[in-house]
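What the coordinates show
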Amino acid sequence: MKSWTRREFGRSTGAIVLAGLGPRLAASESKARVVVVGGGIGGATAAKYLAASARTIEITLVEPNPNYTTCFFSNLYIAGLCSLESLTHGYETLAQRYGINVVHDSVAAVDPVAKTVGLKSGPKLPYDRVVVAPGIAFNYEALAGYDEAATQVIPHAWNAGSQTQLLRRQLESMEDGGVFVLVAPPNPFRCPPAPYERASLIAYYFKQHKPRSRILILDAKDSFNAQDLFLDAWERHYRGMIEWLPAQFTGGIKAIDVKERSVKTASETFKAAVANVIPPQMAGQFAQQNGLVDQSGWCPIDPITFESKLQPGIHVVGDASSAGDMPKSAFVANSQAKACAFAIIAALTGSERQPPHLFNTCYTFLSPDDAVSNAISFKPAAGTIKIVDNFVSQVHESAETRHQAAREAQSWYTAFTRDTFGYAAF
């Protein structure tokens, strides 16, 4: 495995979006129909690239909500550093510029025999291929005392929108000197650095507005992603404000007492002024209900086409897929969706199939002016997906390097969401 230098990484991130495009395919006479279920990053990207690359294929995107709010960058919102509106995106450009039939409805079920997608409002959409991007669901049964009703008192804030708004309001109303308790989930889960980025940015908020407050992280794990970078940043920026307790120290999370707003571990019970419980995760409910999930709780897929290994003709992209070394991140969902779109076009039009280009890039904020990054490329190998190259920020980088990464992160967000929701033509 090769490690990229920072200069190589800088060149690569500018080219990564374009590298995912593959060759623009000639229009086909085919009248094939593709239905995309779910308008998050994976679904919106798949719909856009299918429509833009093979315009004679009829694309329908089914999504119940009129807008999508990104989970990535939502920790900035929780800390009061951006608005929720700035993270919210509509589907108008996908419909108007790319001719995608956007249907705001929910899917009742997919019938793989009749090859139809049934909508909850009644109609059935015939298809030749289906792409599903069901995201994650929370495994409440794995965490005693915490269920969907409890999220209205102790939010998970792991889906951006009302949950993140609730957590932000609770932090704003918390008295100075209180303890914010964050329960971090076991692997695998959406966006591995995000719980620790959240702790960092909330510490920044406390430092500005409630300096006597503390943050306690109760982890279901004994280590976490980019741990050395976070521990270094917490010492430099927030000395004494953040305490991280691994599972080997507490004996693991045993239960949540919603009424008392406390977390019980094997060794001790911790009471919070504000609590944020991020539950164990599995593939989204749609995947569970339509036979796309194996015993792992995630969706096994072909590593080249992202076609389900359990339901032929149905492709799964994004967090719900079980994709080897690829983490569950927004950029991975975008990359998988492009590879999936080109594989479907090749299958439906008889055009040449290109090898997939699979990437992940991620920026993580330690403070508003201190960010770190990583970039990883992947390729299918031995029936799964393996890491090929990678770049990861290092401890002891200069303040200017980190400040530059924070500026780059803002540009990355703009370019990424434009690529997904179609604001910029390619």
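Residues numbered from 1 in each chain as written. Predicted model: local features only at pLDDT ≥ 70, side-chain atom pairs only at ≥ 80, totals over all residues. Heavy atoms only, no water.

**Notes on the overall build of the protein chain**
In terms of regular secondary structure, the protein chain is built from 11 helices and 25 strands. Against the globule reference of 22 Å for 426 residues, the protein chain gives a C-alpha radius of gyration of 22 Å, in line with a compact fold. Overall, the C-alpha framework of the protein chain stretches about 65 × 50 × 40 Å when taken along its three principal axes. Pairs at least 24 apart in sequence give 68% of the contacts found in the protein chain among residues at least 6 apart. (Helix = DSSP H or I, 4+ residues; strand = E, 2+ residues; numbered from the N terminus. Rg over C-alpha atoms; globule rule 2.2 N^0.38 Å. Contact = heavy atoms within 4.5 Å.)

**Notes on the side chain of threonine 116**
Looking at the secondary structure, you find threonine 116 in strand β8 (residues 116-119). Discounting residues that sit within four places of it in the chain, threonine 116 has contacts with Ala109, Val110, Asp111, Lys124, Leu125, Pro126 and Tyr127.

**Observations regarding the packing of helix α2 (residues 41-53) against helix α10 (residues 330-349)**
It is at 8 Å that the axes of α2 and α10 come closest, and there the two elements cross at 35°. The chirality of how α2 crosses α10 is right-handed. Between α2 and α10, the contacting residues are Ile41, Gly42, Thr45, Ala46, Tyr49, Leu50 and Ser53 on the first element and Ala330, Ala333, Asn334, Ala337, Lys338, Ala341, Phe342, Ile344 and Ile345 on the second. Residues that form the contact of α2 with α10 fall into these classes: 11 nonpolar, 4 polar and 1 charged. (Axes fitted to C-alpha atoms, helices over the stretch in contact; angles between N-to-C directions. Left-handed = near helix turned anticlockwise from the far one by under 90°. Nonpolar A, V, L, I, M, F, W, Y, C, P; charged D, E, K, R; others polar.)

**Observations concerning unusual backbone geometry**
Cis rather than trans, the peptide bond between asparagine 187 and proline 188 has omega equal to -10°. The phi dihedral of lysine 115 falls on the positive side, at around 55°, and the residue is not glycine. Mapped onto the elements, lysine 115 comes out in the loop between β7 (107-111) and β8.

**Regarding the state of the cysteines**
Evaluation of the coordinates by the stated rule reveals 0 disulfides. Distance from the sulfur of cysteine 299, which forms no disulfide, to the nearest cysteine sulfur (cysteine 340) is 13 Å. Taking the relative accessible area as the measure of exposure, cysteine 299 reaches 0% and is therefore buried. The closest cysteine sulfur to the non-disulfide-bonded cysteine 362 is located on cysteine 191, 5.2 Å from its own sulfur. (Disulfide = S-S within 2.5 Å. Buried < 20%, exposed > 50% of the residue type's maximum accessible area, 1.4 Å probe, protein only.)

**Re α10**
Residues separated by three or four positions in an α-helix point in the same direction, a consequence of the helix having 3.6 residues per turn. Over its 20 residues, α10 extends 28 Å from the first C-alpha to the last, a length consistent with the 28 Å expected when each residue adds 1.5 Å. Buried residues dominate α10, accounting for 16 of its 20 residues. Directly beyond the C-terminal end of α10, a positive phi value near 75° is found at glycine 350. (Expected span 1.5 Å × (residues − 1).)

**Let's talk about the confidence of the model for the protein chain**
With 92% of its residues at a pLDDT of 70 or more, the protein chain shows a mean pLDDT of 93. Scored below 50 in pLDDT, residues 6-28 makes 39 contacts in the model with residues more than four places away or belonging to other chains. (pLDDT = per-residue confidence, 0-100.)

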